[in-house]
Amino acid sequence: MEGVDHLAHERNKSEFDVDAMKIVWAGSPHAFDVSDRISKLVASDPGFRKDNRSTLSRKELFKNTLRKAAYAWKTIVDLRLSEEEAAKLRFYVDEPAFTDLHWGMFIPAIKGQGTEEQQQKWLPLAYKMQIIGCYAQTELGHGSNVQGLETTATFDSQTDEFIIHSPTLTSSKWWPGGLGKVATHAIAYARLIVGGREHGVHGFIVQLRSLEDHSPLLGITVGDIGMKFGNGAYNTMDNGVLQFDHVLDVYSIAFASIAVMLWVSQVTCEGKYKQSDVPRQLVYGTMVYVRQTIVADASCALSRAVCIATRYSAVRRQFGSQNGGPETQVIDYKTQQSRLFPLLASAYAFRFIGEWLKWLYADVTQRLQANDFSTLPEAHACTAGLKSLTTTATADGIEECRKLCGGHGYLCSSGLPELFAVYVPACTYEGDNTVLLLQVARFLMKTVSQLGSRLSSKKPVGTIAYMTRVEHLMQCRCGVQRGFAELSADLVEAAVAHCQLIVVSKFIEKLQQEIPGKGVKQQLEVLCNIYALFLLHKHQGDFLSTGCITPKHAALANDELRSLYSQVRPNAIALVDAFNYTDHYLGSILGCYDGNVYPKLYEAAWKDPLNESVVPDGYHLYIRPLLKQEIRTARL
Ligand SMILES: CCCCC/C=C\C/C=C\C/C=C\CCCCC(=O)SCCNC(=O)CCNC(=O)[C@H](O)C(C)(C)COP(=O)(O)OP(=O)(O)OC[C@H]1O[C@@H](n2cnc3c(N)ncnc32)[C@H](O)[C@@H]1OP(=O)(O)O
Ligand SMILES: Cc1cc2nc3c(=O)[nH]c(=O)nc-3n(C[C@H](O)[C@H](O)[C@H](O)COP(=O)(O)OP(=O)(O)OC[C@H]3O[C@@H](n4cnc5c(N)ncnc54)[C@H](O)[C@@H]3O)c2cc1C
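From a predicted model like this one, the values you see are computed outputs, not experimental measurements. (Residues numbered from 1 in each chain as written. Chains lettered and ligands numbered in written order. Predicted model: local features only at pLDDT ≥ 70, side-chain atom pairs only at ≥ 80, totals over all residues. Heavy atoms only, no water.)

Participant: Go over the site of ligand 2 with me, naming the residues and quoting the values.
Facilitator: As a structural note, the neighbourhood of ligand 2 is formed by 20 residues, with Tyr135, Thr138, Ser144, Gly177 and Asp432 the closest of them. Backbone polar atom of Tyr135 to a nitrogen atom of ligand 2: 2.9 Å apart, as the coordinates give it. Gln137 places a polar main-chain atom, nitrogen or oxygen, 3.1 Å from an oxygen atom of ligand 2. The element best represented in the shell around ligand 2 is helix α12 (residues 433–456), accounting for three residues. Residues that form the shell around ligand 2 fall into these classes: nine nonpolar, nine polar and two charged. (Near = heavy atom within 4 Å. Polar contact = N/O pair within 3.5 Å; in protein donor to acceptor, adjacent residues only side chain to side chain. Helix = DSSP H or I, 4+ residues; strand = E, 2+ residues; numbered from the N terminus. Nonpolar A, V, L, I, M, F, W, Y, C, P; charged D, E, K, R; others polar.)

Participant: Can you explain the site of ligand 1? Please cite residues and give values.
Facilitator: The environment of ligand 1 is formed by 28 residues, the closest being Ser144, Tyr284, Arg291, Glu430 and Lys446. Residue Gln439 places a side-chain N or O atom 2.9 Å away from an oxygen atom belonging to ligand 1. Compared with its free state, where it exposes 1400 Å², ligand 1 has 81% of that area covered by protein. When contributions to the shell around ligand 1 are tallied by element, the ones reaching two or more residues are α6 (98–113), α8 (285–315), α10 (376–404) and α12. With five residues, the top contributor of residues to the shell around ligand 1 is α8. For the shell around ligand 1, a count of residues per class yields 13 nonpolar, nine polar and six charged. (Areas by Shrake-Rupley, 256 points an atom, 1.4 Å probe, with all protein chains shown as cover.)

Participant: So what's going on with the packing of aromatic side chains? Which residues, and what values?
Facilitator: All chains considered together, the criterion is met by 23 aromatic pairs. Measuring from centroid to centroid gives 4.4 Å for Trp25 and Phe579, while their planes differ by 50 degrees, and the two rings are tilted. Taken together, the residues span a long stretch of sequence, with Trp25 in helix α2 (residues 18–26) and Phe579 in the loop between α18 (572–577) and α19 (583–586) at a distance of 554 residues. The class of Trp25 is buried, set by a relative accessible area of 3%. Between Tyr348 and Phe352, the aromatic rings sit 6.4 Å apart at their centres with planes inclined by 55 degrees, giving tilted as the arrangement. Within this pair, Tyr348 and its partner Phe352 are both found in helix α9 (residues 334–369), separated by four residues, close to a single helical turn. Grouping residues by exposure puts Tyr348 and Phe352 together as buried. (Phe/Tyr/Trp six-rings, centres within 6.5 Å; stacked < 30°, edge-to-face > 60°. Buried < 20%, exposed > 50% of the residue type's maximum accessible area, 1.4 Å probe, protein only.)

Participant: Break down the sheet that holds strand β4 (residues 173–174) for me, citing the residues and quoting the values.
Facilitator: Taken in spatial order, the three strands line up as β4-β8-β7 in an open sheet, and their pairing is antiparallel. Every interior strand has two partners, whereas the edge strands, β4 and β7 (220–224), have only one. Two elements, β7 and strand β8 (residues 240–244), share five bridges in a ladder whose sense is antiparallel. From the neighbouring strand, Gly223 faces β8, where its bridge partner is Val241. (Pairing = 2+ DSSP bridges.)

Participant: Could you give an account of unusual backbone geometry, with specific residues and numbers?
Facilitator: Phi at His214 takes a positive value of approximately 70 degrees, unusual for a residue other than glycine. Tracing the sequence through the fold places His214 in the loop between β6 (197–207) and β7. For His214, a relative accessible area of 33% corresponds to the partly exposed category.

Participant: Can you break down the packing of helix α14 (residues 484–511) against helix α15 (residues 520–538) residue by residue, with the values?
Facilitator: Interhelical geometry of α14 versus α15 gives an angle of 165 degrees and a closest axis separation of 10 Å. For the element pair α14 / α15, the angle class is roughly antiparallel. The two elements α14 and α15 cross, and the hand of that crossing is left-handed. Taking contact as the criterion, the partners of Gln500, Val503, Val504, Phe507, Ile508 and Leu511 in α14 are, on α15, Lys521, Leu524, Glu525, Leu527, Cys528, Tyr531, Ala532 and Leu535. (Axes fitted to C-alpha atoms, helices over the stretch in contact; angles between N-to-C directions. Parallel < 35°, antiparallel > 145°, perpendicular 65-115°, else oblique. Left-handed = near helix turned anticlockwise from the far one by under 90°. Contact = heavy atoms within 4.5 Å.)

Participant: Describe in detail the nonpolar core, supporting the description with residues and values.
Facilitator: The nonpolar side chains of soluble globular proteins are, as a tendency, buried together. Counting 128 residues, the largest nonpolar core has Leu344, Tyr348, Leu386 and Leu524 as its most contacted members. For this core, the element with the highest residue contribution is α9, accounting for 16 residues. With residues up to four places along the chain from it excluded, the contact list for Leu386 reads Val295, Ile353, Trp356, Leu357, Cys499, Ile502 and Val503. Core analysis: the next-biggest nonpolar cluster, separate from the first, contains 35 residues, Trp103, Ile132, Val146 and Tyr189 among them. (Core = buried A, V, L, I, M, F, W, Y, C linked by side-chain atoms within 4.5 Å.)

Participant: Explain the state of the cysteines residue by residue, including any values.
Facilitator: Applying the stated criterion across every chain yields a total of zero disulfides. Cysteine Cys300 remains unbridged, with the sulfur of Cys307 as its closest cysteine sulfur at 12 Å. With no disulfide partner, Cys427 has as its closest neighbouring cysteine sulfur the one in Cys499, 14 Å distant. Of the residues examined, Cys427 reaches a relative accessible area of 18% and is grouped as buried. (Disulfide = S-S within 2.5 Å.)

Participant: Before we move on, could you go through the confidence of the model for the chain and cite the residues and values that matter?
Facilitator: For any part of a model where pLDDT is low, the fine detail of the predicted coordinates should not be relied upon. Averaged over every residue, the pLDDT of the chain is 91; the share at 70 or more is 93%. Contacts for the low-pLDDT stretch residues 254–263, under 50 throughout, to residues beyond four places or in other chains number 40 contacts. In the predicted complex, the global pTM is 0.95; the interface-specific ipTM is 0.97. (pLDDT = per-residue confidence, 0-100.)

Participant: Can you explain the environment of Gln500? Please cite residues and give values.
Facilitator: Its place among the elements puts Gln500 in helix α14. The sequence separation of Gln500 and Ala532 amounts to 32 residues, and the corresponding C-alpha distance is 8.7 Å. When neighbours within four sequence positions are excluded, Gln500 is seen to be in contact with Leu389, Tyr466, Arg469, Leu535 and His539.

Participant: Explain the UniProt feature "binding site: FAD" (unreviewed entry) in the chain to me, and be specific about the residues and the numbers.
Facilitator: Per the UniProt record, the feature "binding site: FAD" (unreviewed entry) sits at Thr138 and Gly177. A maximum C-alpha distance of 10.6 Å places the annotated residues, which cover 40 residues in sequence, within one compact spot. By the element assignment, Thr138 lies in the loop between β1 (133–136) and β2 (152–156). Relative to the assigned elements, Gly177 resides in the loop between β4 and β5 (185–194). Residue Gly177 is classed as buried on the basis of its relative accessible area, which comes to 6%. Here Gly177 is in contact with Leu101, Cys134, Met237, Asp238 and Asn239, once residues within four sequence places are set aside. (UniProt positions renumbered as here; feature names shortened; annotations may be inferred.)

Participant: Outline helix α7 (residues 116–127), listing residues and values.
Facilitator: Under the 1.5 Å per step criterion, the end-to-end length of α7 is 16 Å for 12 residues, consistent within 8% with the ideal 16 Å. Buried residues of α7: Gln118, Gln119, Trp122, Leu123 and Ala126, and no others. Across the axial projection of α7, the buried residues extend over an arc of 105 degrees, all falling on one side. As for α7, its buried residues are in contact with α6, β5 and β6. Residue Met129 follows α7 closely and has a positive phi angle near 55 degrees. (Expected span 1.5 Å × (residues − 1). Arc of directions from axis to C-beta.)

What follows is the structure, encoded as structure tokens:
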């Protein structure tokens, strides 16, 4: 029945202050206030409805996305929302669109790599959306290997301009989000050529389309690359293809012939290339920035799936009826708990590692401005490794949540298929996860000698076990006199172990902070222990081989895990309520707040266009002749 909370009995079991946990999850009272207010604003506005997406064609879907993006922008302007509130609104609208790349990459690239003069020119236009940008780095032939990009940018000292060109088919820009049909400008990455000499890959702001009639400019061929995984999902995004035919570009982002660059380099009016003494990898700075945002997004995506699966696991009953009594809630089965609760713990773990990574990025950015590059290698390794670890775990976790919901998890109305289809490219974009782990492995090879010293420092026992595991995995590999390439598969395992060590140790550090609210810290301690012991159980071979734990320890850890699952059980619904997601944002009948699933599933089925007629289109043409056929077959 509508209005009845079918999960009230579960909510009454909670042993902690849920409102206080909502603040912990949001990050602060202010952050909670903004999230709560904006999520409800979006949920209550029919202009942001999304329950019809699966019934739209690609063109209808894309046009609807443009409408929503424009409507969101009008809402932001009319309500004079702050940058923080606007970002939250775009998040809760929950539709991959060109705005992700405009706000998520184009603007950060100009802020991170542009000169003062370029920032003054481009940022006001971008902030007012008087230009729409994309990040055009990947090409048809190269994505992971940035130094293999083929697009060229040749400096013409006669005209003080750069000529951008796609010399081969494989140099076509391919994948940039927003490029296909919307972006008016791109930050295009190209090989800089000055005076016949090549100076590696740099970024250039290039106008693609007319601001008058949106037609591609002279020398620009641009379009969409076609349908992607899933039906709705990422097909709301116009990932594009772009070819340059000797396009004149006067706005290099990394170069300005008339402005001294703080960061990368400059090309003087006389056509001289001057490389300043900063690491060339600063040109990759935007990718580092986005990778740390993607870690925060992983906690959002995983928590969404876990919220759906947890609520539905409390609603769903199957088997176990005694004397005609109610059947057992599937959340009470130990197998369901052993699959679901580590994902719940991971969602919280990724939330806190995302907070730490945001601090690390801000710290390294501040140091860079003082020409202190000392923490750049660690920042790169951390953002690359944690992006890889959290997106892989989240993509796998969303799929596990679908399976935890049985058959109904496969319905679009569960919200899980769409969430999975939208989320899984995160394992590839912003760096293929294996390629990024190889970067971490390379960093570990260089710093493995320091691991030992870090072991001796006063660390909680749990962390010591995880540190010993990494050191052991590295020494087993480094000790073998074979090349990096030969050992790369093993070194990637050590890289994963290193990233898991970071997540566990930062979760433990979080618990050393003051955390207000009755029972809140206790719940987080349970979740931290579940995260750490679940991984120890999953990788116990590694831990046993270090000698850091014995088989008896491993067995005790498993017993403790079961006990921890029992401690989480009465608090599970409250722990997912703490995410404070509206039913609109969840987009899931199985995960609806009131748990009134079956009537909603049944009602939703009849809304499917296929049920607009009792007799389906095609019956008279195809089925009736089949049923009426007069085939004389002796066998039948
Ligand atoms: C619920 C749904 C949520 C949906 C998500 C919503 C929002 C999220 C927000 C945005 C996402 C939205 C849309 C998707 C956007 C996707 C955009 C993109 O994909 S942009 C393109 C991304 N491309 C890549 O990531 C390419 C990956 N490749 C590389 O980064 C590099 O090629 C490389 C693998 C790192 C190799 O580089 P290179 O060959 O130049 O260097 P090496 O020789 O390996 O190393 C030399 C040296 O430099 C160090 N180093 C490398 N990179 C960096 C860096 N970034 N920073 C600092 N240092 C770096 C490296 O460690 C080596 O050091 P040393 O060993 O000391 O020599
Ligand atoms: C949805 C989506 C949105 C995107 N948006 C953008 C965007 O806005 N802008 C943009 O510029 N790009 C974008 N991209 C492109 C994305 O950044 C690249 O696809 C990504 O960096 C992976 O590169 P690749 O496609 O070349 O993969 P490849 O490197 O070709 O990967 C193929 C396989 O080769 C393996 N491999 C590659 N190199 C090595 C190695 N050295 N050692 C071991 N294994 C290796 C990989 O692990 C993988 O298994 C997007 C991609 C997607 C899917």
